[in-house]
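If you want the building blocks of each chain, they are given just below.
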Amino acid sequence: MTREPALLDRPRSAVPPPPLDWLTLGDAFEAACLLRCTPSPTAARPHAALPARLPGVEFNREDAAQRMRQLLARLDIPVTHEVAVGGLRRRYELHRLWVPPEQRGAYARMLDAGWWQGRRELLGGPLPGASPARRGLVTRLAAAAWRSALLAAGRHVRRHILGVRLADRELSAVLIRGATVLGVPARLSAGTGCFLVSVADGPDRARILSNAKLEPARPAC
């Protein structure tokens, strides 16, 4: 019998990206999570294979776009921020961030490396005997994943839960693991075209929100 792929299975990469230092990793992983929360920009080709290969990203919340700008600035990746207003009776804004052509290779490499290295650290550890610094890194990555989802994914808030809707299966697994790292049990439900990751209201919700609160990106050296 053929084994069904597990939720946490990782597709193998022929050439793994070079490792990032831990400070850079925190920003790159959070930016990659923000990217995975969003659909492709409307001007991008729908068949593009990887999100980070696209020239930009589109958010429907200004705070998510500003966070992405902050993170990319710390990663030395410039972007252009455009705001489009639409709707008739109900007005809305779309915040589009575009990476210059000469920077798109660096952008793709940085976010790919941040995603795979951060995912590996979060899903695989910390192992018994890990240093306090490594344990702290895993906690920061868990908080970054939830911060990204709360900023950029579809919030699903009910009286008894705090949840986020995601189309990305891998990010859903990361959020489940991240909640565990933060000491909170989380639930994964599959819907039509999306996954719902949720935590219970009360102390669990408060713990997630406290850890995922917006904080400055790493300071300048």
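Residues numbered from 1 in each chain as written. Predicted model: local features only at pLDDT ≥ 70, side-chain atom pairs only at ≥ 80, totals over all residues. Heavy atoms only, no water.

1. Regarding the sheet that holds strand β3 (residues 92-98)
With antiparallel pairing, three strands are arranged side by side in an open sheet as β1-β3-β2. Strand pairing shows two members of the sheet lacking a second neighbour, β1 (56-59) and β2 (80-86), which therefore form its edges. Sheet twist, expressed as the average angle between the axes of neighbouring strands with direction ignored, equals 20°. Judged from the four bridges that link them, β1 and β3 form a sheet pairing that is antiparallel. In the sheet register, F59 faces β3, and the bridge partner there is H95. Sheet strands touched by helix α2 (residues 62-74): β1, β2 and β3. Its angle to β3, the strand with the most contacts, is close to 15°. (Pairing = 2+ DSSP bridges. Helix = DSSP H or I, 4+ residues; strand = E, 2+ residues; numbered from the N terminus. Axes fitted to C-alpha atoms, helices over the stretch in contact; angles between N-to-C directions. Contact = heavy atoms within 4.5 Å.)

2. Observations regarding the sheet that holds strand β6 (residues 187-190)
Spatially, β4-β5-β7-β6 is the arrangement adopted by the four strands of the open sheet, whose pairing is antiparallel. Where the open sheet ends on each side, the last strands, each with one partner, are β4 (154-158) and β6. Averaged over all pairs of adjacent strands, the angle between strand axes in this sheet comes to 25°, irrespective of strand direction. Of the pairings in the sheet, the one linking β6 to strand β7 (residues 195-200) comprises four bridges and is antiparallel in character.

3. A few points about the nonpolar core
Judged by nonpolar contacts, the single largest core of 53 residues is most densely connected at F29, F59, M68, L111, W146, V164 and I208. Secondary structure elements with two or more residues in this core: α1 (22-36), β1, α2, α3 (104-124), α4 (132-152), β5 (161-166), α5 (169-181) and β7. Residue contributions to this core peak at 11 residues, all from α4. (Core = buried A, V, L, I, M, F, W, Y, C linked by side-chain atoms within 4.5 Å. Buried < 20%, exposed > 50% of the residue type's maximum accessible area, 1.4 Å probe, protein only.)

4. Quick word on the confidence of the model for the protein
Chain-level statistics for the protein give a pLDDT mean of 83 and a share of 80% at 70 or above. In the predicted structure, residues 1-12 sits below a pLDDT of 50 and forms 16 contacts with residues beyond four places in sequence or in another chain. Scored below 50 in pLDDT, residues 42-50 makes seven contacts in the model with residues more than four places away or belonging to other chains. (pLDDT = per-residue confidence, 0-100.)

5. Description of the packing of aromatic side chains
Tallied over the full model, the rule gives two aromatic pairs. A centroid spacing of 5.9 Å and a plane angle of 10° characterise the contact between F29 and W115, whose relative ring orientation is stacked. Remark: W115 occurs in helix α3 and F29 occurs in helix α1; sequence separation between them is 86 residues. Looking at F29, the relative accessible area reads 0%, which means it is buried. The exposure class of W115 is buried, given its relative accessible area of 2%. The ring of W115 is capped by R36, whose NZ or CZ atom sits 4.0 Å from the centre of that ring. (Phe/Tyr/Trp six-rings, centres within 6.5 Å; stacked < 30°, edge-to-face > 60°. Lys NZ or Arg CZ within 6 Å of the ring centre and 35° of its normal.)

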